[in-house]
Amino acid sequence: MGTFEYLIVIPYTMATVPSASQWGSPIASKRALLIHGGNSSSHTFHRVASMLAAKGYLVVAPNLLGHALRMPGVDFRVQTLADDLLPYLQAAEYDIVIGHSIGGLVVLSLLKYLPRTRPVSVVLIDTSVELSAEQMAVVRRPKEPNDVRAKPNPTVEDYMTLNPLWTREDAIWRSLGIQIGRATNYDDHMDGNMPWSFSHLFADRPAAATLTILIADPQSQANGALKLEAVAKFKEVRAVIVPNVSHWIHYEFPEVIVEEALRNIGEEQGDGP
């Protein structure tokens with residue numbers, strides 16, 4: 001079957017499923033749900049999604065509240081972002097669920113809604129699950145010349161110059177994600193989720209689900225060591241350090257994400273490479 005990509009708004013009972021991008025055949029027997037991070041949009045996953053679609057998955061990537069021209073909810077808690085996406089889990093079951101950055105926290109908040117017995121490969125991409133107030137203050141400081149907090153609306157050329165591993169399409173989608181999102185998203189979600197503590201959600205993982213967190217090289221990310229330290233004590237969580245990469249693993253090494261997701265599902269179902 002061919003690969004299709006388009007925006008969808010699907011009626012579900014009396015509600016409307018949030019806008020999303022979709023890749024792959026609508027009749028594919030395997031499904032993947034991808035949840036983007038802050039100041040991004042569903043198309044941030046274009047490379048990962050295309051790879052999964054080529055392997056026979058129907059891939060759905062919703063747009064979070066406050067992003068991609070969507071109005072925000074009444075508050076900015078991660079659980080509110082997760083609850084907004086519940087129609088997707090009510091309408092279908094997924095073999096793979098992936099979340100980047102705060103999207104990974106949304107995934108953790110959705111673990112309790114996953115099937116109890118169906119194997120699911122869950123992958124978090126460079127997500128911070130625990131931050132103290134002091135650590136939060138450090139994380140919130142702009143660190144890069146093209147950080148939206150230091151330079152509003154960085155251009156495609158800015159991103160291309162500072163991220164040599166990105167394609168031009170990556171830079172376009174990153175720039176567009178900022179322009180069609182709310183300017184205060186970053187601070188709103190930081191302030192709305194204090195204290196920043198989400199590791200307790202690991203306990204909601206169904207026994208049949210595998211849970212992996214990919215962590216950007218601590219040598220290239222100031223808070224990479226904090227991310228690793230926060231998950232090291234959880235034996236049910238597989239932590240993988242990805243060397244020579246920034247926070248944007250899905251742009252720079254999308255194949256690592258796909259391989260890890262398929263590896264997990266392969267252990268359970270014999271469906272991976």
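Residues numbered from 1 in each chain as written. Predicted model: local features only at pLDDT ≥ 70, side-chain atom pairs only at ≥ 80, totals over all residues. Heavy atoms only, no water.

> Is there a simple way to think about the packing of aromatic side chains in this case?
Aromatic ring pairs are defined here through the distance separating the ring centres and the angle between the ring planes. Considering all chains together, one arrives at six aromatic pairs under this definition. Summarising the aromatic geometry, the rings of Tyr 159 and Trp 166 are spaced 5.5 Å apart at their centres and angled 20 degrees between planes, so their arrangement reads as stacked. The class of Trp 166 is buried, set by a relative accessible area of 5%. Considering the side-chain rings of Phe 202 and Phe 234, the 4.9 Å spacing of their centres and the 65 degrees angle between planes classify their relative orientation as edge-to-face. Linking Phe 202 in the loop between β10 (196-197) and β11 (209-216) with Phe 234 in the loop between α9 (224-231) and β12 (237-242), this pair joins segments that are 32 residues apart in sequence. Accessibility expressed as a relative area gives 2% for Phe 202, which makes it buried. An aromatic cluster is defined as three or more aromatic residues linked by ring pairs; in this entry it consists of Tyr 159, Trp 166, Trp 248 and Tyr 251. (Phe/Tyr/Trp six-rings, centres within 6.5 Å; stacked < 30°, edge-to-face > 60°. Buried < 20%, exposed > 50% of the residue type's maximum accessible area, 1.4 Å probe, protein only. Helix = DSSP H or I, 4+ residues; strand = E, 2+ residues; numbered from the N terminus.)

> Whenever I open this one, the confidence of the model for the protein chain confuses me. Can you help?
Fine structural detail should not be taken from predicted coordinates in areas where pLDDT scores are low. Averaged over all residues, the pLDDT of the protein chain equals 86, while 85% of them reach at least 70. Between residues 1-15, whose pLDDT stays under 50, and residues either more than four places distant or in other chains, the model counts 34 contacts. Between residues 267-273, whose pLDDT stays under 50, and residues either more than four places distant or in other chains, the model counts 13 contacts. (pLDDT = per-residue confidence, 0-100. Contact = heavy atoms within 4.5 Å.)

> Any chance you could explain unusual backbone geometry here in plain terms?
Along the chain, Met 194 connects to Pro 195 via a cis peptide bond; the corresponding omega equals -5 degrees. Looking at the secondary structure, you find Pro 195 in the loop between α8 (185-191) and β10. Of note, the phi angle at Leu 69 is positive, near 70 degrees, even though the residue is not glycine. As for its position among the elements, Leu 69 is in the loop between β6 (57-62) and α2 (78-84).

> For this particular structure, what's the right way to read the pairing of strand β8 (residues 120-125)?
Remember that side chains alternate between the two faces of the sheet whenever the strand is regular. Of all six residues making up β8, six are buried, and the element is well covered by its neighbours. The side-chain alternation of β8 yields two buried faces, one formed by Val 120, Val 122 and Leu 124 and the other by Ser 121, Val 123 and Ile 125. When strand β7 (residues 96-100) meets β8, the two strands line up parallel, connected through five bridges. The residue bridging Val 97 from the neighbouring strand is Val 122, located in β8. The parallel pair β7 and β8 is bridged by helix α4 (residues 102-110), and the resulting crossover is right-handed. Where β8 and β11 come together, six bridges link them in parallel fashion. Across the sheet, Val 120 pairs through a bridge with Ala 209, a residue of β11. (Pairing = 2+ DSSP bridges. Right-handed = clockwise from strand over helix to strand, strands pointing away.)

> When you look at the pattern of salt bridges in this model, what are you seeing that I'm missing?
If charged atoms from side chains of opposite charge come close, those side chains can pair. Tallying each qualifying case throughout the model produces 10 salt bridges. Across the pair Glu 93 and Arg 118 runs a salt bridge, and its minimum N-O distance is 3.4 Å. A residue pair is termed long-range when its members are at least 10 positions apart, and Glu 93 in the loop between α3 (86-91) and β7 and Arg 118 in the loop between α4 and β8 qualify at 25 residues. Exposure remark for Glu 93: the relative accessible area of 42% places this residue in the partly exposed category. The partner of Asp 126 in a salt bridge is Lys 227, and the shortest N-O contact between them spans 2.7 Å. With a gap of 101 residues between them, Asp 126 in the loop between β8 and β9 (130-131) and Lys 227 in helix α9 connect regions that are remote in the sequence. Judged by relative accessible area, Asp 126 falls into the buried class, the value being 1%. Looking at Lys 227, the relative accessible area reads 4%, which means it is buried. Counted as one network, the salt bridges with shared partners bring together Glu 93, Asp 95 and Arg 118. (Salt bridge = Lys/Arg side-chain N within 4 Å of Asp/Glu carboxyl O.)

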